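Residue strings, one per chain:
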Amino acid sequence: MASRAEPTSRAEPAEPADTGGRRDWRDVVRDAADLALLGILLTLAAAPLLTAASAAGTASAAVHDWARTGSWPSAGTTVRRFGRSLLPGVPVSLLALTVAGLLAADLAALATGRVPGGPVALLVTALIAASLAGYAGLVVVEVGGNGGGRWRASAGRAARACLDAPTRWAALGGVVALAGLLAVLVTPVAVPILAGYTMAALHAVAVRRPVPTVGQPSPAEPVPTVVGGHGELP
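Quantities reported herein were computed from a predicted structural model and do not represent experimental measurements.

Q: Quick question: what am I supposed to make of the nonpolar core here?
A: Residues Leu38, Leu138, Trp151, Met199 and Ala206 are the most contacted members of the largest nonpolar core, which totals 26 residues. Considering each element in turn, this core owes the most residues, 6 residues, to helix 2 (residues 52–69).

In structure tokens form, the structure reads like this:
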């Protein structure tokens, strides 16, 4: 009696799905080195003081590109952005330096008791300074989304975004305050490196986006941004 034929092959186990694109420690180190270099270049470009706004806007545009595409803009693109925003950024630099200088002098006078007011006035002034710092950080992020320019339009959109999402505004102020504290505590040679990390932190807080994978494009689905014309804050 003929026996039942045995199957000639067995089903192979399914192979595990490809997990390509996963970040490892080398990607993290590469990103950290890139941000450190960005901070050094930002500090050098802002050293004349009147170029501070142009340097910050150009660096913000570079971080914006990196956050969206996972790659940095070319050197030629960065130089062109800096050149285009140089003259329009001079009044912005003067305004920012004047406000920062007045607030710093006021805080120093209150802290040392040279002017009346005591701890209450010191606390109120510190809160005002943190609020302005958070607003300024959001303006820089907005400028980055505009290719490093259009400061007036970016300032208006940032003001509306701050009113729409006050917790985000407070978080940005905290980022700037923490960066200022670390700048005082760390060795001076590390301050330029801190500038690059601070720029990335501002973008991370202002725009809720997944961390890009090096060499891989960002997800195709739209992501809300702080720019009033491109989306709304939650």
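Q: I tried to follow the packing of helix 4 (residues 118–145) against helix 7 (residues 191–206) on my own but got confused; where do I start?
A: The packing of two helices is summarised by the inter-axis angle and the distance between the axes. Running from amino to carboxyl end, helix 4 crosses helix 7 at an angle of 90 degrees, the nearest separation of the two axes being 10 Å. Relative to helix 7, the element helix 4 lies roughly perpendicular. Within the contact between the two elements, helix 4 uses Gly137, Leu138, Val140 and Val141 and helix 7 uses Met199, Leu202, His203 and Ala206. For the contact of helix 4 with helix 7, the residue count by class is 6 nonpolar, 2 polar and no charged.

Q: When you look at unusual backbone geometry in this model, what are you seeing that I'm missing?
A: Glycine aside, the phi torsion of most residues is negative, and most peptide linkages are trans. With phi around 75 degrees, leucine 49 is a residue other than glycine that occupies positive phi space. With respect to the helices, strands and loops of the structure, leucine 49 is situated in the loop between helix 1 (25–46) and helix 2. Residue class for leucine 49 comes out partly exposed when judged on its relative accessible area of 48%. In this structure, arginine 150 takes a positive phi of about 60 degrees despite not being glycine.

Q: I keep staring at helix 4 and nothing clicks. Help me out?
A: Helical geometry note: an α-helix holds 3.6 residues per turn, so side chains three or four residues apart project in the same direction. With 28 residues, helix 4 extends 41 Å between its outermost C-alpha atoms, agreeing within 8% with the 40 Å of an ideal straight helix rising 1.5 Å per residue. Those residues of helix 4 that sit buried are Thr125, Ala129, Ala133, Gly134, Gly137, Leu138, Val139, Val140, Val141, Glu142, Val143 and Gly144. Packed against the buried residues of helix 4 are helix 2, helix 3 (75–112), helix 5 (151–164), helix 6 (166–185) and helix 7. Glycine 147 sits one or two positions beyond helix 4 and adopts a positive phi of about 80 degrees.

Q: Could you clarify how one ought to interpret the layout of surface pockets in this entry?
A: Over the atoms rolls a probe the size of a water molecule, and its path tells where empty space is left. Roughly 1700 Å³ of volume is contained in the largest pocket. Ala96, Ala100, Ala136, Val140 and Val176 are the residues nearest the centre of the largest pocket, which is lined by 42 residues in total. A class-by-class count of the residues in the lining of the largest pocket yields 35 nonpolar, 6 polar and 1 charged. Roughly 380 Å³ of internal volume is contained in the second largest pocket. As for the second largest pocket, its lining consists of 16 residues, and the residues nearest its centre are Leu37, Leu38, Leu41, Ala62 and Thr78.

Q: Whenever I open this one, the pattern of salt bridges confuses me. Can you help?
A: For the coordinates displayed, the defined rule picks out 3 salt bridges. The partner of aspartate 27 in a salt bridge is arginine 30, with the nearest N and O atoms 2.8 Å apart. One end of the pair is aspartate 27 and the other is arginine 30, both in helix 1 and 3 residues apart, which spans about a single turn. Classification of arginine 30 by relative accessible area gives partly exposed; the value is 39%. Measuring nitrogen to oxygen at the nearest pair gives 3.6 Å for the salt bridge that ties arginine 157 to glutamate 142. Here the residue arginine 157 occupies a position in helix 5, and glutamate 142 occupies one in helix 4, the gap between them amounting to 15 residues. Of the two residues examined, arginine 157 and glutamate 142, each falls in the buried class.

Q: Help me understand the side chain of serine 54 in this model?
A: In this structure, serine 54 sits in helix 2. A relative accessible area of 0% means that serine 54 is categorised as buried. With sequence-adjacent residues up to four places away left out, serine 54 is seen in contact with Phe82, Ser85 and Leu86.

Q: Is there a simple way to explain a nonpolar patch on the surface in this structure?
A: Taken together, the side chains of Leu178, Leu181, Leu182, Val184, Leu185, Val186 and Val191 define a hydrophobic patch exposed on the protein surface, amounting to about 610 Å² of accessible area. Sorting elements by how many residues they give to the nonpolar patch places helix 6 first, with 5 residues. By the secondary structure assignment, leucine 181 is in helix 6.

Q: Would you mind showing me how to read the environment of valine 140 here?
A: Tracing the chain through its elements places valine 140 in helix 4. Judged by relative accessible area, valine 140 falls into the buried class, the value being 14%. Sequence spacing of valine 140 and tryptophan 151 is 11 residues, and the spatial spacing of their C-alpha atoms is 8.4 Å. Excluding anything up to four places from it in sequence, valine 140 contacts Ala56, Ser60, Trp151 and Met199.

Procedures and definitions
- Residues numbered from 1 in each chain as written.
- Predicted model: local features only at pLDDT ≥ 70, side-chain atom pairs only at ≥ 80, totals over all residues.
- Heavy atoms only, no water.
- Core = buried A, V, L, I, M, F, W, Y, C linked by side-chain atoms within 4.5 Å.
- Buried < 20%, exposed > 50% of the residue type's maximum accessible area, 1.4 Å probe, protein only.
- Helix = DSSP H or I, 4+ residues; strand = E, 2+ residues; numbered from the N terminus.
- Axes fitted to C-alpha atoms, helices over the stretch in contact; angles between N-to-C directions.
- Parallel < 35°, antiparallel > 145°, perpendicular 65-115°, else oblique.
- Contact = heavy atoms within 4.5 Å.
- Nonpolar A, V, L, I, M, F, W, Y, C, P; charged D, E, K, R; others polar.
- Expected span 1.5 Å × (residues − 1).
- 1 Å grid on protein atoms, 1.4 Å probe; cavity = no way out; pocket = protein on both sides within 12 Å on 5 of 7 lines; lining within 4 Å.
- Points joined across faces, edges and corners; volume = space filled by probe spheres on them.
- Salt bridge = Lys/Arg side-chain N within 4 Å of Asp/Glu carboxyl O.
- Patch = residues over 30% accessible without salt bridge, like charges linked within 9 Å, V, L, I, M, F, W, Y side chains within 5 Å.
- Areas by Shrake-Rupley, 256 points an atom, 1.4 Å probe, with all protein chains shown as cover.

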